[in-house]
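Chains, contacts and geometry: an overview
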Amino acid sequence: MKIEELQKDIQAYAKTIGIDKIGFTTADIFTEMKERLRRQQELQYQSGFEKGSIEERTEPQRLLPESKSIISIAVAYPSRMEKTPRGTKGDRRGIFARASWGIDYHVALRERLDKLGEYIKKRVPDAVIKSMVDTGELSDRAVAERAGVGFSGKNTSIITKEYGSFVYLGEMLTNIPFIPDSPIEDGCGDCTICLDACPTGAIVQGGQLNAQRCIAFLTQTKDFLPEEFRTKIGNRLYGCDTCQQVCPWNRGKDSHFHKELEPEPELVKPRLKPMLHLSNREFKEKFGHMSGSWRGKKPIQRNVILALGHYKEVTAVDDLIAIMKNDPRPVIRGSAAWSLGKIGTDVAREALSHALEKEDDEQVQYEMENALFAMTAN
Ligand code: B12
């Protein structure tokens, strides 16, 4: 069988199983990426969510010794929802980033890669394959870039001409020597809109991100959020879309091709106050199918508390006081203290003073003192 023919058939089959774009590249070492990763490591710009050593991340044959090529896939997701619920004073809402809309994209892409793998094995019975989505060692973006799926933008995202950067990526290593596609031309030119719009200056230069400052990363940490970022995360509960929302390549890009990736408005823009009281079970039942729940309830609840402080939501004072006094988790008590300080009512001040007398965690004490100090200063 001719490789060209098989490749064309794979492209056609991919469309029928909900893969929006596909590209092919060799399994050669990602030499430039190796340098980039070294640099990121030296500068301590990585998030810590990356998997594997630099060698494993850039040498496909370490992951599958028989590898001859890599198939890169992209699945487009929506950027707008119908009937966006609006938060109001007294009934504020948080937001999950678009990459958490619909079912967990790992599941959605894994299903497609499994189907693609079965198809390839039917056509080439001795095919050896290994698939990954996000949690694998390879940089999904470096693969997509080299396979011509999109160009690597200054916001570090892979930007496709058809769907902008609102695409999930995955890949399949194979022992079949597919004919590689060519990378596509860079499309950013001298535009710097994303660099200028990033609320924390996390994009240090075109294409390079300091993940430690990226709000998408910060929303997923489990510890106290450093003070500098607390007002900057606003009402974001998981992830951040700012550098994608402002990108000219995303103007008018809103792909509603896959039912399972459609957002449920009440879940992706949930009311904040009820989220303070969710049990672990309720959290799992409601949000467990979303990719944004992967770090569990704690970071999300911390962000809910900070969002209430950000809004200076007076109607949340009683709830926040109860949390500050009774929650067993210091991060949650301390974040509640910060938000009470921001809201700044007399009741909040009194509760902070009382709670400080009883608090025995040093970091929470520090938060309470700071909150009281900030209230006196204002
Ligand atoms: Co993320 N994330 N992520 N993520 N993340 C992945 C990158 C991926 C591919 C997951 C997937 O779909 N399978 C998608 C990206 C899809 C796309 O590009 N179209 C994804 C998504 C959707 C997001 C968010 C949009 C989610 C959200 O909050 N809405 C944000 C976007 C933030 C952003 O990157 N601007 C997000 C956030 C994050 C955090 C938590 C911040 C970290 C760090 C992100 C980062 O490094 N930019 C994060 C991680 C760790 C990953 C993960 C697991 C590894 C990425 C990685 O290795 N980063 C991948 C999945 C995977 O690849 N296995 C998903 C290290 C850098 C060096 O590698 O970004 O892949 P890279 O590298 C590319 C560019 O950064 C650029 O070149 C590389 C090839 O294109 N580059 C350049 C790197 N260094 C340099 C230096 C110079 C000088 C230049 C010019 C270029």
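Everything numeric here is computed off the predicted structure, so don't read it as measured data.

A word on the overall build of the chain. In terms of regular secondary structure, the chain is built from 18 helices and 10 strands. Computed over the C-alpha atoms, the radius of gyration of the chain is 23 Å, within 12% of the 21 Å expected from 2.2 N^0.38 for a compact globule of 378 residues. Counting only C-alpha atoms, the chain reaches 80 × 40 × 35 Å along its principal axes. Counting every position in the chain, which comprises 378 residues, the buried fraction comes to 53%. Counting contacts in the chain only where the partners sit at least 6 residues apart, residues at least 24 apart contribute 77% of the total. Accessible area of the chain: about 17800 Å², with a carbon and sulfur share of 49%. Positive and negative side-chain charges of the chain, numbering 55 and 55 respectively, have mean locations separated by a distance of 3 Å.

For the rest of this paragraph, the subject is the sheet that holds strand 7 (residues 167-174). Ordered by their spatial adjacency, four strands build an open sheet running 1-2-7-4, and the pairing between neighbours is antiparallel. Pairing within the sheet leaves two strands with one partner each, and these edge strands are strand 1 (21-26) and strand 4 (129-132). For this sheet the average axis-to-axis angle between neighbouring strands, irrespective of direction, equals 20°. Note: strand 1 against strand 2 (residues 69-76), six bridges, orientation antiparallel. Among the inter-strand pairings, threonine 25 is bridged to a residue of strand 2, identified as isoleucine 70. Helix 5 (residues 105-123) contacts strand 1, strand 2, strand 4 and strand 7 of the sheet and is inclined by roughly 35° relative to strand 7.

A few words now on the UniProt feature "binding site: tRNA" (unreviewed entry) in the chain. Under the present numbering, the feature "binding site: tRNA" (unreviewed entry) in UniProt falls on Gln220, Lys222, Asn280, Arg281, Arg295, Lys297 and Lys298. On the secondary structure map, arginine 281 appears in helix 13 (residues 280-287). Overall, arginine 281 belongs to the exposed group, its relative accessible area being 63%. Considering the arrangement of structural elements, one finds lysine 297 in helix 14 (residues 297-310). Residue class for lysine 297 comes out buried when judged on its relative accessible area of 13%. The residues touching lysine 297, leaving out its near neighbours within four places in the chain, are Leu278, Ser279, Asn280, Phe283 and Arg329.

Let us now look at helix 16 (residues 330-343). Over its 14 residues, helix 16 runs 20 Å from end to end, which matches the ideal 20 Å to within 8%, given 1.5 Å per residue. Along helix 16, 12 of the 14 residues are buried, which leaves the element largely enclosed by surrounding structure. Those residues of helix 16 that sit buried are Val331, Ile332, Arg333, Gly334, Ser335, Ala336, Ala337, Trp338, Ser339, Leu340, Gly341 and Ile343. Where helix 16 is buried, its residues contact helix 9 (227-230), helix 14, helix 15 (317-326), helix 17 (346-358) and helix 18 (362-377). Within two residues after helix 16, glycine 344 carries a phi angle of roughly 75°, on the positive side.

Once that is clear, we can look at the nonpolar core. Soluble globular proteins: nonpolar side chains tend toward being buried together. Counting 41 residues, the largest nonpolar core has Met324 and Leu352 as the members making the most contacts within it. Considering every element that reaches this core, the biggest residue donor is helix 16, with six residues. Each residue touching methionine 324, except ones within four places of it in the same chain, is listed here: Arg333, Ala336, Ala337, Leu340, Ala351, Leu352, Ala355 and Met368.

Let's shift gears to the site of the ligand. Taken together, 42 residues sit near the ligand, with Arg36, Arg57, Ser139, Asp140 and Leu169 positioned nearest. At a separation of 2.8 Å, a nitrogen atom of the ligand approaches a polar side-chain atom of aspartate 140. Backbone polar atom of cysteine 240 to an oxygen atom of the ligand: 3.0 Å apart, as the coordinates give it. A breakdown of the residues in the shell around the ligand according to their chemical character gives 18 nonpolar, 16 polar and eight charged.

Our next topic: the pairing of strand 2. A large share of strand 2 lies buried, amounting to eight of its eight residues. Across the two faces of strand 2 the burial is the same, with Ser69, Ile71, Ile73 and Val75 and Ile70, Ser72, Ala74 and Ala76 all buried. One ladder, built from eight bridges, connects strand 2 with strand 7; its direction is antiparallel. Note on strand 7: the bridge partner recorded for serine 72 is glutamate 171.

The tally for this structure, following the rule as stated, stands at 11 aromatic pairs. On the basis of an interplanar angle of 5° and a centroid distance of 4.2 Å, the ring pair of tyrosine 13 and tyrosine 119 is categorised as stacked. Separated by 106 residues along the polypeptide, tyrosine 13 in helix 1 (residues 3-16) and tyrosine 119 in helix 5 bring together distant segments of the chain. Overall, the relative accessible area of 22% leaves tyrosine 13 in the partly exposed class. Between phenylalanine 24 and phenylalanine 178 the ring centres are 4.9 Å apart and the planes differ by 55°, which places this aromatic pair in the tilted class. Residue phenylalanine 24 is found in strand 1, and its partner phenylalanine 178 is found in the loop between strand 7 and helix 7 (193-197); the two are separated by 154 residues along the sequence. Through successive ring pairs, a cluster of aromatic residues spans Tyr77, Tyr105, Phe166 and Tyr168. In this structure, arginine 146 packs its charged tip against the face of phenylalanine 30, placed 3.7 Å from the ring centre. It is arginine 295 that lies over the ring of tryptophan 294; its NZ or CZ is 5.3 Å from the centre.

A separate point is the UniProt feature "binding site: [4Fe-4S] cluster 1" (unreviewed entry) in the chain. Those residues carrying the UniProt feature "binding site: [4Fe-4S] cluster 1" (unreviewed entry) are Cys188, Cys191, Cys194 and Cys247 in this numbering. Across 60 residues in sequence, these annotated residues keep their C-alpha atoms within 10.2 Å of one another, forming a single compact spot. Inspection of the secondary structure assignment puts cysteine 191 in the loop between strand 7 and helix 7. Judged by relative accessible area, which is 26%, cysteine 191 ranks as partly exposed. Once residues within four sequence positions are removed from consideration, cysteine 191 is found in contact with Lys154 and Pro248. Excluding its chain neighbours within four sequence positions, the residues that come into contact with cysteine 247 are Asn155 and Ile159.

Basis of the calculations
Residues numbered from 1 in each chain as written. Predicted model: local features only at pLDDT ≥ 70, side-chain atom pairs only at ≥ 80, totals over all residues. Heavy atoms only, no water. Helix = DSSP H or I, 4+ residues; strand = E, 2+ residues; numbered from the N terminus. Rg over C-alpha atoms; globule rule 2.2 N^0.38 Å. Buried < 20%, exposed > 50% of the residue type's maximum accessible area, 1.4 Å probe, protein only. Contact = heavy atoms within 4.5 Å. Areas by Shrake-Rupley, 256 points an atom, 1.4 Å probe, with all protein chains shown as cover. Lys, Arg positive; Asp, Glu negative; His and termini not counted. Charge placed at Lys NZ, Arg CZ, Asp CG, Glu CD. Pairing = 2+ DSSP bridges. Axes fitted to C-alpha atoms, helices over the stretch in contact; angles between N-to-C directions. UniProt positions renumbered as here; feature names shortened; annotations may be inferred. Expected span 1.5 Å × (residues − 1). Core = buried A, V, L, I, M, F, W, Y, C linked by side-chain atoms within 4.5 Å. Near = heavy atom within 4 Å. Polar contact = N/O pair within 3.5 Å; in protein donor to acceptor, adjacent residues only side chain to side chain. Nonpolar A, V, L, I, M, F, W, Y, C, P; charged D, E, K, R; others polar. Phe/Tyr/Trp six-rings, centres within 6.5 Å; stacked < 30°, edge-to-face > 60°. Lys NZ or Arg CZ within 6 Å of the ring centre and 35° of its normal.

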